[in-house]
Amino acid sequence: MIPAAHPLSHPAPSQGGDAPPRWQALWREAVRDPRELLGLLGLDPDALGMSDAAAAQFPLRVPRGFVARMRHGDPADPLLRQVLPLDAEMRPMPGFSLDAVGDGAAKAGHGVIRKYRGRALLIATGSCAINCRYCFRRHFPYAEETAAAAGWREAVAAIAADPDIDEVILSGGDPWSLATPKLAELTDALKGVPQLKRLRVHTRLPVVLPERVDAALTEWLAALPWPVAVVLHANHAREFDAAVDAAMRRLREAGASLLNQAVLLRGVNDSVEALAALSERSYAAGVLPYYLHQLDRVQGAAHFEVADEQALALHRALAARLSGYLVPKLVREVAGDPGKRPL
Ligand SMILES: *Cc1c(COP(=O)(O)O)cnc(C)c1O
Ligand code: SF4
């Protein structure tokens, strides 16, 4: 997703005197110590190239329910690889930078990015429930204010002032790391923007912490006046389990269209088998494959990169094997482009 802000260690508190929702407690109980994570999986930190320096630069963070989906004793587990800080991250690589997709230049208001035609990206918060090693959010530890911090006012004013914007995309960080009353504040303000036709949410939370999809969230979702698309970020079939399936069902019952955007990652999903299984598994959960993204060339993520030629070959093989609607579009983000660029 799009970086912009301080990765807060806690989600925004719920309002009023009510007990905080359960998902917030699960959030706070996330594993943050790489040695604890490896201990839970029966793995030896020294044999794995685990790096304290990389963990100091961008901390490990992974919900326990996601850890439970990792294979015990498997150092190559595709879920583990997405979150474990490694020595390889600390090697400087030419061509890999801090602002890989040029968001610094696309800022148009507090937390609002206008880099796609007709769509406004709203950086709702910098928080995430999981820290993914390939994410370039790792390099924006104390950056700009988010739209939420500014009380939404400026962000909504910037959107309202542009008649070309008919879709608002909630991004982050992870927008669903905000408490539901906070989200409702935003969408109440957006109801005053007449040109809006669609709302979109880019989130990894329903996959990594399915408890987030609670009654308060689905009630909020079901009451929105626009069609809502939820773009999930799952990279491997094994990220889905029964709890995730149930969360997806609740989202669909609340009226959302569900899409998946994966990142092509070496050692995680860089085989036809893994990509086909991801498409089939997400569809079984009611989620249509949407994008397969080439990695953004961010410092520390070079070891995840898959060469373009191999990416194209994988994509061709996938298309030869699956129903057309199970084949995601292979794209990359290019700084300054008005949309994603097909490979
Ligand atoms: C690509 C992307 C978008 C917008 O692109 P679409 O082509 O309209 O889907 C929005 N948010 C994020 C996080 C993206 O990666
Ligand atoms: S969920 Fe992972 S990939 Fe998405 S913004 Fe957060 S750290 Fe980055």
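A brief structural summary. (Residues numbered from 1 in each chain as written. Chains lettered and ligands numbered in written order. Predicted model: local features only at pLDDT ≥ 70, side-chain atom pairs only at ≥ 80, totals over all residues. Heavy atoms only, no water.)

**As for the overall build of the chain**
1) Next: Counting its regular elements, the chain contains 13 helices and ten strands.
2) Next: Taking the principal axes of its C-alpha atoms as reference, the chain extends roughly 55 × 45 × 40 Å.
3) Next: By element, 54% of the accessible surface of the chain is carried by carbon and sulfur atoms, the whole surface being about 13,700 Å². (Helix = DSSP H or I, 4+ residues; strand = E, 2+ residues; numbered from the N terminus. Areas by Shrake-Rupley, 256 points an atom, 1.4 Å probe, with all protein chains shown as cover.)

**Notes on the site of ligand 1**
1) Next: Around ligand 1, the structure places Tyr116, Arg119, Leu121, Ile169, Ser171, Arg200, His202, Gln261, Tyr290, Tyr291 and Lys340.
2) Next: Measuring from an oxygen atom of ligand 1, one finds a side-chain N or O atom of Gln261 at 2.9 Å.
3) Next: Taking Tyr291, its side chain carries an N or O atom lying 2.5 Å from an oxygen atom of ligand 1.
4) Next: When ligand 1 is considered free in solution it has 380 Å² of accessible area, and contact with the protein chains removes 95% of it.
5) Next: Looking at the shell around ligand 1, the elements with two or more residues in it are β3 (119-123), β4 (167-171), β5 (198-203) and β8 (288-293). (Near = heavy atom within 4 Å. Polar contact = N/O pair within 3.5 Å; in protein donor to acceptor, adjacent residues only side chain to side chain.)

**So, a nonpolar patch on the surface**
1) Next: A contiguous nonpolar surface patch, about 290 Å² in accessible area, is contributed by Tyr283, Leu288 and Tyr325.
2) Next: For Leu288, the position within the fold is in strand β8. (Patch = residues over 30% accessible without salt bridge, like charges linked within 9 Å, V, L, I, M, F, W, Y side chains within 5 Å. Salt bridge = Lys/Arg side-chain N within 4 Å of Asp/Glu carboxyl O.)

**Section: the packing of aromatic side chains**
1) Next: This structure, assessed with the given rule, holds five aromatic pairs.
2) Next: Here Trp23 and Trp27 contribute two aromatic rings whose centre-to-centre distance is 6.0 Å and whose plane-to-plane angle is 70 degrees, an arrangement assigned as edge-to-face. Taken as a pair, Trp23 and Trp27 lie in helix α1 (residues 22-28) at a separation of four residues, close to a single helical turn.
3) Next: Plain terms: the ring middles of Trp176 and Trp220 are 6.4 Å apart, the flat faces sit at 80 degrees to each other, and that makes the pair edge-to-face. Of this pair, Trp176 sits in the loop between β4 and α8 (180-190) while Trp220 sits in helix α10 (residues 215-222), and the two are 44 residues apart along the sequence. A single burial state applies to Trp176 and to Trp220, both of which are buried. (Phe/Tyr/Trp six-rings, centres within 6.5 Å; stacked < 30°, edge-to-face > 60°. Buried < 20%, exposed > 50% of the residue type's maximum accessible area, 1.4 Å probe, protein only.)

Such coordinate-based values are descriptive only and should not be taken to indicate function.
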